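# Breakdown of the fold
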Amino acid sequence: MSAPAFTLYGRKWCHLCDDMLAALEAWRPARDFSVTVVDVDSDPALEAKYDEIVPVLALGDRELCRYRFDAAAVAAVFPAE
């Protein structure tokens, strides 16, 4: 099974985005995953889609959490140990 590849949609000046990334990165010692941070202000379509709801953490097309890190939703991505 390949490692999950998360996408974090946010903004450079967004403290909630920074908080969500930090919460996800705290899992790195125990979990294998990648994360791509996308600045929604860099693309008009993404800005229109995510404007007031950032941060959004997604796995593919599935939104896992918005505004705040949802540990249970992210944990469900990983196989039971």
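Quick look at the structure, then. Keep in mind the model is a prediction, meaning the values are calculated, not measured.

A few words now on the overall build of the chain. When helices and strands are tallied, the chain shows three helices and four strands. Counting helices and strands in the order they occur from the N terminus, the chain gives β-α-β-α-β-β-α. Scaling as 2.2 N^0.38, a compact globule of 81 residues should have a C-alpha radius of gyration of about 12 Å, and the chain matches this with 12 Å. The burial tally for the chain puts 38% of its 81 residues in the buried class. Considering only intrachain contacts with a sequence separation of at least 6, the fraction spanning at least 24 residues in the chain is 66%. When the accessible surface of the chain is summed, it comes to about 5000 Å², and 54% of that surface belongs to carbon and sulfur atoms.

Time to look at the packing of aromatic side chains. Applying the stated rule across the entire model yields six aromatic pairs. Each ring, one from tryptophan 27 and one from phenylalanine 69, has its centre 5.7 Å from the other, and the planes form 75°; the classification is edge-to-face. Here the residue tryptophan 27 occupies a position in the loop between α1 (15-25) and β2 (34-39), and phenylalanine 69 occupies one in the loop between β4 (62-66) and α3 (71-75), the gap between them amounting to 42 residues. Here phenylalanine 33 and phenylalanine 78 contribute two aromatic rings whose centre-to-centre distance is 6.5 Å and whose plane-to-plane angle is 65°, an arrangement assigned as edge-to-face. You can see phenylalanine 33 sitting in the loop between α1 and β2 and its partner phenylalanine 78 sitting in the segment after α3, a full 45 residues away along the chain. Of the two residues, phenylalanine 33 and phenylalanine 78, neither departs from the other in class, the shared state being buried. Here the aromatic residues Phe6, Trp27, Phe33, Phe69 and Phe78 are joined through ring pairs into a cluster of three or more. The side chain of arginine 31 reaches across the aromatic face of phenylalanine 78, ending 5.1 Å from its centre.

About the criteria used
Residues numbered from 1 in each chain as written. Predicted model: local features only at pLDDT ≥ 70, side-chain atom pairs only at ≥ 80, totals over all residues. Heavy atoms only, no water. Helix = DSSP H or I, 4+ residues; strand = E, 2+ residues; numbered from the N terminus. Rg over C-alpha atoms; globule rule 2.2 N^0.38 Å. Buried < 20%, exposed > 50% of the residue type's maximum accessible area, 1.4 Å probe, protein only. Contact = heavy atoms within 4.5 Å. Areas by Shrake-Rupley, 256 points an atom, 1.4 Å probe, with all protein chains shown as cover. Phe/Tyr/Trp six-rings, centres within 6.5 Å; stacked < 30°, edge-to-face > 60°. Lys NZ or Arg CZ within 6 Å of the ring centre and 35° of its normal.

Geometry only, nothing functional implied.
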